[in-house]
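# Coordinate analysis (summary)
Spelled out, the chains give:
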Amino acid sequence: MSSPASTSNADWRARSLAHVWQPCTQMKDHESELPLIPIARAEGVWLEDYEGKRYLDAVSSWWTNLWGHRHPTIVGALKQQLDTLDHVIFAGFTHEPGILLAEQLAARSGLPRCFYTDNGSSAVEAALKMSFHYWQNLGKPNKQRFIALSNSYHGETLGALAVGGPSMYRDSYAPLLLQPIFVPSPDCYTRTPGQSWEDHSRRQFEHLRLVLERHADEVCALILEPLVQCAGGMRMYHPLYLTLARQACDEFGVHLIADEIAVGFGRTGSFFACEQAPPAVYGRGAKRGITPDFMCLSKGLTGGTLPLAAVMTREEIYQAFYADYAAYKAFLHSHSYTGNPLACRAGLASLSLFEETNALSANAVLAQLLWAHTAELRTHRHVAEVRQTGLILAVEMVRNVAKREDFPASERRGLRAYRHALEKGVVLRPLGNVLYLMPPYAISAKDAQKMCEVLCEAVDVATRDPA
Ligand SMILES: *Cc1c(COP(=O)(O)O)cnc(C)c1O
């Protein structure tokens, strides 16, 4: 039994609302406040509904899309893969796309061991479990806790949710969650006026150092999002924090888990955000970049086409699980779609586009364009800060700039901006009172300019009184 195909937005909207429960949504909003938008097709940076209206995907479909929708290189690779091998159990079996992708991720991350999962949260879960289990296997049973940064976000499953900072995502489930040790974030929005990012992040590190001094014996790992706390409102910090955190984790015998799920794959200007950490000591041969003990990857991993995630880790950690079966040291964790060949093939195609399009250099030019076209926001009377790291540009809307007084959440200023931008054909999904641009790398200069213009308008409309 199948219903006849709908043809209009209204039709699809009604049918969707009858059965589909959307993610991260108060469904009642869709009764009137917010139009649920049925998308019929997509190409490049554009989404199109059933009535031919087009929307510029300024948030890269929740930060997943790197090259625009349906990039021919990825589509071609997927069609070929589909004619060869769709899916196969990944325990006891292995396959070419899974092997090639692991090889390439190892080369790029400096972490030789690749464990696949199928979404970002599950990658975080796997990393947390691996870290804990590593210390068990090493005979350090007291290491059971994690350190996390305030305002962080690592996903929605219970383990990942637990290491995310207190927030509306977390609070409803608080009784169910692990109790990590939270340290204040290096987030530079909270620095004192006149203080540099570097100075602020360095000072915030002292909190981490104190906690490590006191608790290292009971701690498995520190987990953090390198450079940008994305879901936490695109809050940014100085890369020096990564250098200091790496050093301190080494000193105190604690793992460092870098959650590059949102910031990896060129988003912040370097291939991985961890690469921007300055050398601990400048001098001859001093190298930029840190290597974490675990790196979680997802979102942009397949260029935004299929779900896939990976945890990259060090050889020595892998070896702590490697033993005769009867030693019961193996990492007995799995997901049904682990290492899906189609998703891995999309990942390979996406990686090939970095060289082919010279993406990192092109992104640097595009990043400057975004900064230039949003100049007027930097003096806007309701904008406390415009900040940028690579291809993430965020605008903090406040009631009063001098006092840094927030708009009450109940006024839903972000939502007003969202609705205005949609009318103008741009998807600007806000995070509370923060609006941000995180476009696909393939956006043209002309579309980028349009996107910035609509962002500026949306800020005007959203901050105009009365609410
Ligand atoms: C999105 C995100 C996750 C969770 O990934 P899902 O695929 O949505 O489960 C974890 N960490 C960070 C930093 C993210 O941005």
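Residues numbered from 1 in each chain as written. Predicted model: local features only at pLDDT ≥ 70, side-chain atom pairs only at ≥ 80, totals over all residues. Heavy atoms only, no water.

The name that an unreviewed UniProt entry assigns to the protein chain is Adenosylmethionine-8-amino-7-oxononanoate aminotransferase, with the source organism given as Stagnimonas aquatica. The UniProt entry for the protein chain carries the following comment under Catalytic activity (unreviewed entry): "(8S)-8-amino-7-oxononanoate + S-adenosyl-L-methionine = S-adenosyl-4-methylsulfanyl-2-oxobutanoate + (7R,8S)-7,8-diammoniononanoate". (UniProt positions renumbered as here; feature names shortened; annotations may be inferred.)

What follows deals with the pattern of salt bridges. By the definition in use, this model includes 25 salt bridges. Measuring nitrogen to oxygen at the nearest pair gives 3.6 Å for the salt bridge that ties E43 to R70. Of the two residues, E43 is situated in strand 1 (residues 39–43) and R70 in the loop between helix 2 (60–63) and helix 3 (72–82); the sequence distance between them amounts to 27 residues. Accessibility classification places E43 together with R70 in one group, the exposed group. Several salt bridges converge on common partners, so that one network encompasses D187, R191, R235, E385, R387 and E396. (Salt bridge = Lys/Arg side-chain N within 4 Å of Asp/Glu carboxyl O. Helix = DSSP H or I, 4+ residues; strand = E, 2+ residues; numbered from the N terminus. Buried < 20%, exposed > 50% of the residue type's maximum accessible area, 1.4 Å probe, protein only.)

As a further point, take the packing of helix 3 against helix 11 (residues 341–356). Interaxial distance between helix 3 and helix 11 falls to 9 Å at its minimum, and their mutual angle equals 150°. Judged on the interaxial angle alone, helix 11 and helix 3 are roughly antiparallel. Crossing geometry of helix 3 relative to helix 11 is assigned as right-handed. Contact residues: helix 3 offers T73, I74, A77, L78, Q81 and L82, while helix 11 offers P341, L342, R345, A346, A349, S350, S352, L353 and E356. For the contact of helix 3 with helix 11, the residue count by class is nine nonpolar, four polar and two charged. (Axes fitted to C-alpha atoms, helices over the stretch in contact; angles between N-to-C directions. Parallel < 35°, antiparallel > 145°, perpendicular 65-115°, else oblique. Left-handed = near helix turned anticlockwise from the far one by under 90°. Contact = heavy atoms within 4.5 Å. Nonpolar A, V, L, I, M, F, W, Y, C, P; charged D, E, K, R; others polar.)

Taken together, the neighbourhood of the ligand is formed by W63, N119, G120, S121, Y153, H154, G155, E225, D259, I261, A262 and K299. In this structure, an oxygen atom belonging to the ligand sits 2.8 Å away from a main-chain N or O atom of G120. When isolated, the ligand has an accessible area of 380 Å², and the protein chains bury 83% of it. The residue inventory of the shell around the ligand, partitioned by class, reads four nonpolar, five polar and three charged. (Near = heavy atom within 4 Å. Polar contact = N/O pair within 3.5 Å; in protein donor to acceptor, adjacent residues only side chain to side chain. Areas by Shrake-Rupley, 256 points an atom, 1.4 Å probe, with all protein chains shown as cover.)

Below, the discussion takes up the layout of surface pockets. In this structure, the second largest pocket spans a volume of roughly 770 Å³. The wall of the second largest pocket is formed by 23 residues, among which C114, F115, Y318, F331 and H333 lie closest to the centre. Contributing elements (two or more residues each) for the lining of the second largest pocket: strand 4 (113–117), strand 12 (309–313) and helix 10 (315–319). In terms of residue count, the dominant contributor to the lining of the second largest pocket is strand 4 (four residues). Considering only residue class, the lining of the second largest pocket consists of 16 nonpolar, six polar and one charged. (1 Å grid on protein atoms, 1.4 Å probe; cavity = no way out; pocket = protein on both sides within 12 Å on 5 of 7 lines; lining within 4 Å. Points joined across faces, edges and corners; volume = space filled by probe spheres on them.)

Okay, the UniProt feature "binding site: pyridoxal 5'-phosphate" (unreviewed entry) in the protein chain next. Within this numbering scheme, the UniProt entry marks G120, S121, D259, H335 and S336 as carrying the feature "binding site: pyridoxal 5'-phosphate" (unreviewed entry). Across 217 residues in sequence, these annotated residues place their C-alpha atoms as far as 22.6 Å from one another, rather than forming a single compact spot. Among the residues just listed, H335 and S336 line the second largest pocket. Considering the arrangement of structural elements, one finds S121 in helix 5 (residues 120–137). Exposure remark for S121: the relative accessible area of 14% places this residue in the buried category. Excluding anything up to four places from it in sequence, S121 contacts H154, G155, E156, T157 and A160.

Strand order in the open sheet formed by three strands is 1-2-3, with antiparallel pairing between adjacent strands. For this open sheet the edge positions go to strand 1 and strand 3 (54–56), each flanked by a neighbour on one side alone. The sheet shows a mean angle of 25° between the axes of neighbouring strands, direction not considered. With three bridges connecting them, strand 2 (residues 46–49) and strand 3 associate as antiparallel partners. When the bridges of strand 3 are listed, L47 appears paired with Y55. (Pairing = 2+ DSSP bridges.)

Bringing the packing of helix 12 (residues 359–373) against helix 14 (residues 445–463) into the picture now. With their axes 9 Å apart at the nearest point, helix 12 and helix 14 run at an angle of 35° to one another. The hand of the helix 12/helix 14 crossing is right-handed. Along the contact surface, helix 12 presents L366, L369, L370 and H373, while helix 14 presents A445, A448, Q449, M451, C452 and C456. The class makeup of the residues in the contact of helix 12 with helix 14 is eight nonpolar, two polar and no charged.

Moving on to the sheet that holds strand 6 (residues 181–183). Where strands meet in a sheet, backbone hydrogen bonds hold them as pairs that are either parallel or antiparallel. Pairing is mixed across the open sheet formed by seven strands, whose spatial order is 4-12-11-10-7-5-6. One side of each edge strand has no neighbouring strand; the edge strands of this open sheet are strand 4 and strand 6. Shown here is a sheet whose adjacent strand axes are inclined to one another by a mean of 20°, direction ignored. The pairing of strand 10 (residues 255–259) with strand 11 (residues 294–297) spans three bridges and is classified as parallel. The partner of A258 across the bridge, within strand 11, is M295.

With that settled, consider the UniProt feature "binding site: substrate" (unreviewed entry) in the protein chain. Mapped onto this numbering, the UniProt entry annotates "binding site: substrate" (unreviewed entry) at W62, Y153, K299, S334 and R429. Of the residues just listed, which span 368 residues, the most distant C-alpha pair is 33.1 Å apart, and they do not cluster in one region. Of the annotated set named above, S334 line the second largest pocket. If we ignore the near neighbours within four places in the chain, the residues touching Y153 are G164, Y169, E225, A231 and D259. Within polar-contact distance, the side chain of Y153 engages the side chain of E156 at 2.7 Å. Turning to its location among the elements, R429 is positioned in the loop between helix 13 (413–423) and strand 15 (434–437). When residues no more than four places from it in sequence are discounted, the contact partners of R429 are C24, V59, W62, Y418 and Y436. For R429, the side chain forms a polar contact with the main-chain oxygen of C24, separated by 3.5 Å.

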